[in-house]
Amino acid sequence: MDELSETCVRLDLGPYKHKLSLTDKIFVEHGSAADWDALKALHYKASGTGVGPKYLRCVIEHEPGRDETIGVIVLTVPKVLDAGRNEVFPRLKPNQGGMDTKAINTMRVRWINDNMRLSSRNVIDTMYRGAGLGYRFRNIAMRMSGFRYIEARSSMSRFNPFYFKAG
């Protein structure tokens, strides 16, 4: 500390184990297109959400009866043909051995529609980013979705591996 200055700079290198004090006021519930509309400006791809969207939202309760949507996940119907899915589910790959019929194709699409959704859009309000809410929100929302499998495609995962953290 300089004798002429009243400013003191202290370096504290941690490690830190701070608990986010808002977690008991944050919850996840089913949402609507209005929730997506409120936060889509914060998403880097605010264009169309996809076919058959289902919305889940992350909400913070500021006080009883006054809450705010701070995150939205949009789940949509996945594409029928997908190379990545064929690697994970080889039996869903179409026309194996040239034996597919209309009935087989119909059943394949029905199974995909009944058991899978694509995590199309995920957004957290900028005020709450960096606190670990994103991956917790995704984890809970995916389990609440009611679907057996959730597919995810992400351009941003190279910068932030949130899907890996969400499980």
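Please refer to the structure higher up on the page.
Note that the coordinates shown come from a computational prediction; the quantities given were computed from them, not determined experimentally.

Draft legend 1. The arrangement of the sheet that holds strand β5 (residues 149-152) in detail. Here 5 strands make up an open sheet; going across it, the order is β1-β2-β3-β4-β5 and the pairing mixed. The strands lining the two open edges of the sheet, one partner per strand, are β1 (26-30) and β5. Taking the axes of each pair of neighbouring strands and ignoring which way they run, one obtains an average angle of 35° across the sheet. Relative to strand β3 (residues 66-76), strand β2 (residues 54-63) runs antiparallel, the two being bridged by 9 bridges. Of the residues in β3, the one forming a bridge with Arg57 is Val72. Packed onto the sheet, helix α3 (residues 102-115) meets β4 (116-124) and β5 and runs at close to 35° relative to β4. Seen against the sheet, helix α4 (residues 133-144) touches β1, β2, β3, β4 and β5 and runs at an angle of roughly 35° to β1.

Draft legend 2. Layout of the environment of Asn95. Counting through the fold element by element, Asn95 comes out in the loop between α2 (83-88) and α3. A residue is classified by how much of its surface remains accessible, and Asn95, at 46% relative accessible area, is partly exposed. Taking the C-alpha atoms as reference points, Asn95 and Asn105, 10 residues apart in sequence, are found 8.6 Å from one another. Not counting residues up to four positions away in its chain, the partners in contact with Asn95 are Asp100 and Arg108.

Draft legend 3. Highlighting the nonpolar core. The biggest cluster of nonpolar side chains holds 13 residues, and the ones touching the most others in it are Ile26, Ile70, Tyr128, Phe137 and Ala141. Apart from the residues lying within four places of it in its own chain, the contact partners of Ile70 are Ile26, Leu39, Cys58, Val59, Ile60, Val123, Ile124, Asp125, Tyr128 and Leu133.

Definitions and limits used
Residues numbered from 1 in each chain as written. Predicted model: local features only at pLDDT ≥ 70, side-chain atom pairs only at ≥ 80, totals over all residues. Heavy atoms only, no water. Pairing = 2+ DSSP bridges. Helix = DSSP H or I, 4+ residues; strand = E, 2+ residues; numbered from the N terminus. Axes fitted to C-alpha atoms, helices over the stretch in contact; angles between N-to-C directions. Contact = heavy atoms within 4.5 Å. Buried < 20%, exposed > 50% of the residue type's maximum accessible area, 1.4 Å probe, protein only. Core = buried A, V, L, I, M, F, W, Y, C linked by side-chain atoms within 4.5 Å.

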